[in-house]
Amino acid sequence: MKRYPILFLTLLFLVSHSAKELSLAEEERPNVILIMTDDQGYGDLGCHGNPILKTPHLDALHGEAVRFTDFHVSPFCTPTRAALMTGNYPARTGAYRTSAGKTMMHPDEKTVANLFADAGYATGMVGKWHLGDNAPHRPQDRGFEDVVWHRCGGIGQASDYWGNDYFDDTYERNGVFEKFEGYCTDVWFREGVRFVAENKENPFFLYLALNAPHGPYFVPSEWAEPYQGQKDKVANPNFYGMIANIDHNVGILRKALEDLEIAENTILIFMTDNGTAGGAKFDGLNSEALIGYNAGLRGKKSSVYDGGHRVPFFIHWPAGGLEGGRDIDTLAAHLDVLPTLADLCGIPIPDGYEPDGVSLVPLLEGDDQLWEREHLIVQFMGGAYGRGIPAPFEYSAVLTEQWRLVNSDGQGLFDIRNDPAQRDDLSSHHPEVVKSMRERYLPFWESVSPRMTPVRIDIGNSVEKSTVLCSQDWYKEVGNPPWNFGSIRKLPRETGPWMIEVKEAGKYRFTLRQFPKEADKEVIAERAKIEIAGKVEEKSVQTGSKGVVFEMDLPKGPTELVTYLYDEKGEAGGAYFTEVEKL
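The rules behind the values
- Counting restarts for each chain, with residues numbered from 1 along the sequence as it is written.
- Per-residue local features are limited, in this predicted model, to residues with pLDDT of at least 70; the limit for side-chain atom pairs, both in listing and counting, is 80 or more; totals at the level of whole chains, interfaces and linings are taken over all residues.
- The side-chain numbers reported here are obtained from all heavy atoms of the structure, hydrogens and water having been left aside.
- Strands are runs of DSSP state E lasting at least 2 residues, helices are runs of H or I lasting at least 4, and numbering of each runs from the N terminus.
- It only takes one pair of heavy atoms within 4.5 Å for two residues to be counted as in contact.
- A carboxyl oxygen of Asp or Glu within 4 Å of a side-chain nitrogen of Lys or Arg is what we treat as a salt bridge.
- Only protein chains enter the accessibility calculation, which uses a 1.4 Å probe. A residue is then buried if its area is under 20% of the maximum for its type, exposed if over 50%, and partly exposed in between.
- Simply put, an axis is a line fit to the C-alpha atoms, just over the touching stretch for a helix, and the angle between two N-to-C directions goes from 0 to 180 degrees.
- Here roughly perpendicular refers to angles of 65 to 115 degrees, roughly parallel to angles under 35, roughly antiparallel to angles over 145, and oblique to all remaining angles.
- Polar contact is the term for a pair of N or O atoms within 3.5 Å; when the atoms are in protein, one must be able to donate a hydrogen and the other to accept it, and sequence-neighboring residues count only if both atoms are side-chain atoms.
- Among buried residues, those of type Ala, Val, Leu, Ile, Met, Phe, Trp, Tyr and Cys that are joined through side-chain atoms within 4.5 Å constitute a nonpolar core.

**With respect to the side chain of Asn31**
Okay, so step 1: Along the chain, Asn31 turns up in strand E1 (residues 31-37).
Okay, so step 2: Setting aside chain neighbours within four positions, we find Asn31 in contact with Asn202, Pro203, Phe204, Ile262, Asn265, Thr266 and Ile267.

Next up, the structure:
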């Protein structure tokens, strides 16, 4: 394999006639594999100093790759995924929480998959999406041509296929549910290798987004066993076992790339989506680790201290000179991945994208004179558990190369170069820095806050014949709706609106249930009611009914759908699962 400098590849593409034409530029354009794990923190790697956890394959990648050591994402799942896909701040995309109708991106947001597919790449997505379960928000609606994924924010959560538990589960392949054999992480990597092998002759982009090591912490016992019996050092043996299994699969993937003779010209990225969830024990969200290892950082998943959003980012591309095990300590973020990959692969970013992020190529080439960034913003909109309405400065951090201005449990200013654990608040000593950092924040809020508006789910969309709505997507200003079966099994007496876009006027059938159709459970209610598009219908629930059916004529356009299932006392909860089909 020839080695090409990054700038040469970019120029070579620009002189080719079309992204769809076969040219020398396309023959040499690199493949891309982007691996992102779920809830694995900066300290959950052997190569980052963890004294217990063994990650030999990721350590080897670390030793060969270019590493960004001050790389930041959002403090939790959906927002990071939205930023990674679009290059935009999560609030701008509309996907800035993990439930409550705020996990979906505005339809006008373009993704990295759109960009690569339009440039002639095969695009594949495997694993966890968490950016919407229904059209027009599924991965196959967002530029990915070959998808194998689970719904919701975690396997076994409410909208995931009924009965999934990490082992021998049913996932969705290109719109059709399919039973798979094996442990979930093994399945994702197996499908990833399958996609790579099928597309080895042409450039491809693979987004391999793992659900592990997100809870529940299920893993084959042989992976967790080495970490048992060390309660004073290991916070959660199964969490470490899940990472050890990921590491094993990374080794399998890298060997497959070598066997297929495409490793040299494949950009391989490893990163995680937020700080650790189970790698250590903490006092709340914002402490240092009490038991376990967190690389000396303060905070965990959902914290706006560095431990909540500073993560590993390794990038390896031998043919492009991205190798050798060197560090880049410049501030970088998930926002930068889309423009960076476009730059590396010689794909011009067309109008309609306008990412907030910037290309990291100048840093990768060792020329920080062209570097454009002065600061980054991290904000946990609404705070933990969504208890508040997003507001300026609340649960935010303004980041520069030297400083962190944190607004969480009060405001604090930290010199991150000299105080990586963020112990010493220097705000009273440097009021001018505080003032400057707050001034940098305000344009961010003014820019993104108008986009924090409801995003609608389509019904009557030709690409999805039957739309299965789940209560996790009830739109709520504050708090979370029922999003897991722990709460749904209690039949909570609450309901909420689904924000809907009726794509085509006509007659629609609605089937109201408390559990998904696959559960085959009776509806426990006396009466049912539905409200949509200014219309209200109500009926009695027949004994033994497993779904209450309404048929209604609807006009085209935006509306809200609210369901009610009343018990014998007249108290109502919603239909946590509602199927909608255009007749």
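From this point on, the discussion continues.
**Structural notes on the pattern of salt bridges**
Okay, so step 1: All chains considered together, the criterion is met by 31 salt bridges.
Okay, so step 2: With a shortest N-O distance of 3.0 Å, Arg404 and Asp70 are connected by a salt bridge. Taken together, the residues Arg404 in strand E18 (residues 403-408) and Asp70 in the loop between strand E2 (66-68) and strand E3 (71-72) connect sequence positions 334 residues apart. Considered together, Arg404 and Asp70 belong to a single accessibility category, that of buried residues.
Okay, so step 3: For Arg509, the salt bridge goes to Glu551, with nearest N and O atoms at 3.3 Å. Residue Arg509 is found in strand E23 (residues 506-513), and its partner Glu551 is found in strand E26 (residues 548-554); the two are separated by 42 residues along the sequence.
Okay, so step 4: Looking at Arg509, the relative accessible area reads 30%, which means it is partly exposed.
Okay, so step 5: Salt bridges here are not isolated pairs; linked through shared partners, they connect Asp146, Arg173, Glu178, Glu191, Arg194 and Glu198.

**Here we look at the packing of helix H3 (residues 56-64) against helix H9 (residues 237-259)**
Packed helices, taken two at a time, are described by their axes: the angle between them and the distance between them.
Okay, so step 1: At a minimum axis distance of 7 Å, the contact between H3 and H9 shows a crossing angle of 55°. On the basis of their axis angle, the class for H3 and H9 is oblique. Contacts between H3 and H9 involve Pro56, His57, Leu58, Ala60, Leu61 and Glu64 on the former and, on the latter, Asp247, His248, Val250, Gly251 and Arg254.

**Some thoughts on the environment of Arg326**
Okay, so step 1: Considering the arrangement of structural elements, one finds Arg326 in strand E14 (residues 326-328).
Okay, so step 2: On the basis of relative accessible area, Arg326 is assigned to the partly exposed category, the value being 29%.
Okay, so step 3: Each C-alpha atom of the pair Arg326 and Pro443 lies 34 Å from the other, and the pair is 117 residues apart in sequence.
Okay, so step 4: Excluding anything up to four places from it in sequence, Arg326 contacts Ala65, Val66, Arg67, Leu363 and Leu364.
Okay, so step 5: Within the local environment of Arg326, its side chain forms a polar contact with the backbone oxygen of Leu364, the two atoms lying 2.7 Å apart.

**Here we look at the nonpolar core**
Okay, so step 1: Of all hydrophobic cores here, the largest spans 52 residues; its most connected members are Phe68, Phe205, Tyr207 and Ile315.
Okay, so step 2: The biggest single contributor to this core is helix H10 (residues 337-344), with five residues.
Okay, so step 3: Beyond its immediate stretch of four places on either side in the chain, Ile315 contacts Ala65, Val66, Phe68, Ile267, Leu268, Ile269, Leu322, Leu344 and Leu364.
Okay, so step 4: Membership of the second largest hydrophobic core comes to 37 residues, among which are Val126, Val148, Met242 and Leu253.

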